[in-house]
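What follows is the residue order along each chain.
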Amino acid sequence: MNHILVINAGSSSIKYQLIDPTSGERSAAGLVERIGEAEGRIVHRGVREEERAVVVPDHGAAFDELVAAFARQGAPIEGLGITAVGHRVVQGGEEFVAPTLIDDAVAERILELGALAPLHNPGQYQAIVAARALFPRVPHVAVFDTAFHQTMPPSAYTYAIDPEVAAEHGVRRYGFHGISHQVVSRRAAEFLGRPLESLRQIVLHLGNGASACAVDRGRSVDTSMGLTPLEGLVMGTRSGDIDPGALLHLLRGGYDVGGLDRLLNGRSGLLGFTGSNDFRDVRAAADAGDSQAALAIEVAVHRIRHYLGAYLVELGGLDALIFTAGVGEHQAELRAAVCADLEGFGIRIDPERNASPERGARRIGAEGSPVEILVVPTDEEAEIARETLRLVG
Ligand code: AMP
């Protein structure tokens, strides 16, 4: 047996999977969530499925809980033939442009880059430290959310502020969701049976976090998230784009930095409009006549189309438009709204294909639509395993 352990640590959770890199089969998976809260929870699917309440003050403790879950089921993780560990890391800055073998220096750099991603890198660092202590002799690989976007040209990643200030504080656009945009754009090309190097694609990753990416022949040339994952599309709890002047206005009006952070990252987006960050609730409320819920969807669609138009022009045309992640994969009405009245740009959706409950990669464009329109499920864990294997051989 040989397995890759994939650790996907979020701001307050750790998702993990044990993947056979040759077959792609997952022999165990789970989630430790509500890290840092009074009561957390682990859901583990190994020999059997179990769910239990746990208290996990930090990501190191969360890692210990997942190790304990394997042991409880009589399949200690140390005996499962793990040959490499792949870690998702959100912020790789300008220096990590590809998956990287983790040594002490790389781990420390990941921690330092936490200055640019305070919600993510510190917890990911803790998970790395815990995993390296448990598996000191297997290679650990960091796979970065930002790396895919390091091919953006300066015109796309530079903010028009004093360059000295920007350089001193690392203020530029990095982009996120890169692991997802990479796997989805490659799988779209495979699905179409066309070389990735021949395609101009726009990938819409629409989940609780959301971003758009312009992929020119396999390379990211623009993306909607920026210095942080707050810029761009309307998200579950995040505002996306907002005039920076509005922040100054709110600061002058009595908000402090913490209050602004909580407002824009935690109490905006769909949640701000409706009280729920789950798109299903928002849709149900809109269908029941809630005007704020209807407006939330209209604003979200307007924003997506804004980026769609921008990237169409940047790419100088479009071969494939791809929907992915929870909302992108499951919300047919939203996909229809995004594609409405774009026949003049070669984007023609097929209502029946779009409404089909089919899962997996599929075509939803009309027969003869000049732009292919696809739904391609994202699979960040499989991509992390693939990149890990590619690096360690
Ligand atoms: P993600 O962050 O990719 O897990 O996506 C979460 C979002 O996807 C939430 O807003 C959900 O409402 C939405 N979503 C997930 N599954 C479904 C589904 N089966 N039908 C409709 N929406 C879904």
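What you are looking at is a predicted structure, and each value in this text was computed from that prediction instead of being measured.

S.K.: Would you mind going over the overall build of the protein with me for this structure?
M.R.: When helices and strands are tallied, the protein shows 15 helices and 14 strands. Since a compact globule built from 393 residues should have a radius of gyration of about 21 Å, the 21 Å found for the protein is in line with a globular shape. Expressed as lengths along the three principal axes of its C-alpha atoms, the size of the protein is roughly 60 × 55 × 45 Å. Within the protein, the fraction of its 393 residues that count as buried is 52%. Summarising the internal contacts of the protein: among those between residues at least 6 apart in sequence, 62% fall at separations of at least 24.

S.K.: Would you mind going over the UniProt feature "binding site: Mg(2+)" (unreviewed entry) in the protein with me for this structure?
M.R.: Within this numbering scheme, the UniProt entry marks N8 and E380 as carrying the feature "binding site: Mg(2+)" (unreviewed entry). The annotated residues occupy 373 residues of the chain but converge on a single region, no pair of C-alpha atoms lying more than 8.7 Å apart. Each residue touching N8, except ones within four places of it in the same chain, is listed here: S13, I14, K15, R88 and E381. Looking at N8, its side chain comes within polar contact range of the side chain of R88, at 2.8 Å. Following the sequence through the fold, E380 ends up in helix α15 (residues 380-392). In this structure E380 comes out as buried when scored by relative accessible area, which is 13%. E380 has contacts with R88, D145, I179 and S180, leaving out every residue within four places of it along the chain.

S.K.: I'm lost on the nonpolar core in this one. Help?
M.R.: Within soluble globular proteins, side chains that are nonpolar tend to cluster in buried spots. Formed by 55 residues in total, the largest nonpolar core has its most connected members in L204, L206, L321, F323 and I347. Looking at this core, the element that brings in the most residues is helix α11 (residues 291-315), giving ten residues. Other than its neighbours up to four places away in sequence, F323 contacts L204, L206, G328, R335, V338, C339, I364, I373, L374, V375 and V376. Among the nonpolar cores identified, the runner-up in size contains 29 residues, and L66, I77, A131 and V138 belong to it.

S.K.: Quick question: what am I supposed to make of the site of the ligand here?
M.R.: Taken together, the neighbourhood of the ligand is formed by G207, N208, N277, D278, F279, R280, A325, G326, V327, H330 and Q331. Between the ligand and N208 there is a distance of 2.8 Å, counted from an oxygen atom to a backbone nitrogen or oxygen. Residue R280 places a main-chain N or O atom 3.3 Å away from an oxygen atom belonging to the ligand. Burial of the ligand by the protein chains amounts to 68% of its free accessible area of 500 Å². Elements represented by at least two residues in the shell around the ligand include exactly α10 (279-287) and α12 (325-330).

S.K.: In this structure, what is going on with the side chain of H44? I would like to understand it.
M.R.: Mapped onto the fold, H44 is located in strand β4 (residues 40-45). Taking relative accessible area as the criterion, H44 reaches 0% and is therefore assigned buried. Side-chain polar atoms of H44 contact the side chain of Y16, separated by 2.6 Å. Beyond its immediate sequence surroundings of up to four residues, H44 is in contact with Y16, A29, G30, E49, E50, A69, F70 and Q73.

S.K.: Hey, could you run me through the packing of aromatic side chains in this one?
M.R.: The relation between two aromatic rings is expressed through the spacing of the ring centres and the mutual angle of the planes. Within the structure shown, the criterion is met by three aromatic pairs. Centroid distance Y16 to F70: 6.1 Å. Interplanar angle 50 degrees. Geometry classified as tilted. Residue Y16 is located in strand β2 (residues 13-19), and its partner F70 is located in helix α1 (residues 59-72); the two are separated by 54 residues in the primary sequence. Residue Y16 is classed as buried on the basis of its relative accessible area, which comes to 1%. The ring of Y157 has R172 lying over it, and the distance from NZ or CZ to the ring centre is 3.7 Å. Over the ring of Y174 we find R172, and its NZ or CZ is 4.9 Å from the ring centre.

S.K.: What is the right way to read the sheet that holds strand β9 (residues 200-206) from this model?
M.R.: The pairing of strands in a sheet happens through backbone hydrogen bonds and is either parallel or antiparallel. With respect to topology, six strands assemble into an open sheet ordered β11-β10-β9-β12-β14-β13, the strand pairing being mixed. What marks the edges here is a single partner per strand, and that holds for β11 (219-223) and β13 (362-363). Sheet analysis places strand β12 (residues 320-324) next to strand β14 (residues 372-375), joined by four bridges and oriented parallel. Following the sheet pairing, A320 is matched in β14 by E372. The sheet contacts of helix α6 (residues 178-192) involve β9, β10 (210-216), β11, β12, β13 and β14, and relative to β9 the element is tilted by about 125 degrees.

S.K.: What's the story with the packing of helix α2 (residues 104-112) against helix α3 (residues 121-134) in this structure? I'm lost.
M.R.: The packing of two helices is summarised by the inter-axis angle and the distance between the axes. Running from amino to carboxyl end, α2 crosses α3 at an angle of 155 degrees, the nearest separation of the two axes being 8 Å. Accordingly, the angle class assigned to the pair α2 and α3 is roughly antiparallel. Contacts between α2 and α3 involve D104, A107, E108, I110 and L111 from the first element and N121, P122, Y125, I128 and R132 from the second. A class-by-class count of the residues in the contact of α2 with α3 yields six nonpolar, one polar and three charged.

S.K.: What am I meant to see in the sheet that holds strand β5 (residues 49-54) here?
M.R.: Read from one edge to the other, the open sheet built from eight strands follows the order β5-β4-β3-β2-β1-β6-β8-β7, with strand pairing classed as mixed. Each edge of the sheet is formed by a strand with only one pairing partner; in this case those strands are β5 and β7 (100-101). Here β7 runs beside strand β8 (residues 140-144); their pairing, made up of two bridges, is antiparallel. From the neighbouring strand, T100 faces β8, where its bridge partner is A142.

Reading the values: the criteria
- Residues numbered from 1 in each chain as written.
- Predicted model: local features only at pLDDT ≥ 70, side-chain atom pairs only at ≥ 80, totals over all residues.
- Heavy atoms only, no water.
- Helix = DSSP H or I, 4+ residues; strand = E, 2+ residues; numbered from the N terminus.
- Rg over C-alpha atoms; globule rule 2.2 N^0.38 Å.
- Buried < 20%, exposed > 50% of the residue type's maximum accessible area, 1.4 Å probe, protein only.
- Contact = heavy atoms within 4.5 Å.
- UniProt positions renumbered as here; feature names shortened; annotations may be inferred.
- Polar contact = N/O pair within 3.5 Å; in protein donor to acceptor, adjacent residues only side chain to side chain.
- Core = buried A, V, L, I, M, F, W, Y, C linked by side-chain atoms within 4.5 Å.
- Near = heavy atom within 4 Å.
- Areas by Shrake-Rupley, 256 points an atom, 1.4 Å probe, with all protein chains shown as cover.
- Phe/Tyr/Trp six-rings, centres within 6.5 Å; stacked < 30°, edge-to-face > 60°.
- Lys NZ or Arg CZ within 6 Å of the ring centre and 35° of its normal.
- Pairing = 2+ DSSP bridges.
- Axes fitted to C-alpha atoms, helices over the stretch in contact; angles between N-to-C directions.
- Parallel < 35°, antiparallel > 145°, perpendicular 65-115°, else oblique.
- Nonpolar A, V, L, I, M, F, W, Y, C, P; charged D, E, K, R; others polar.

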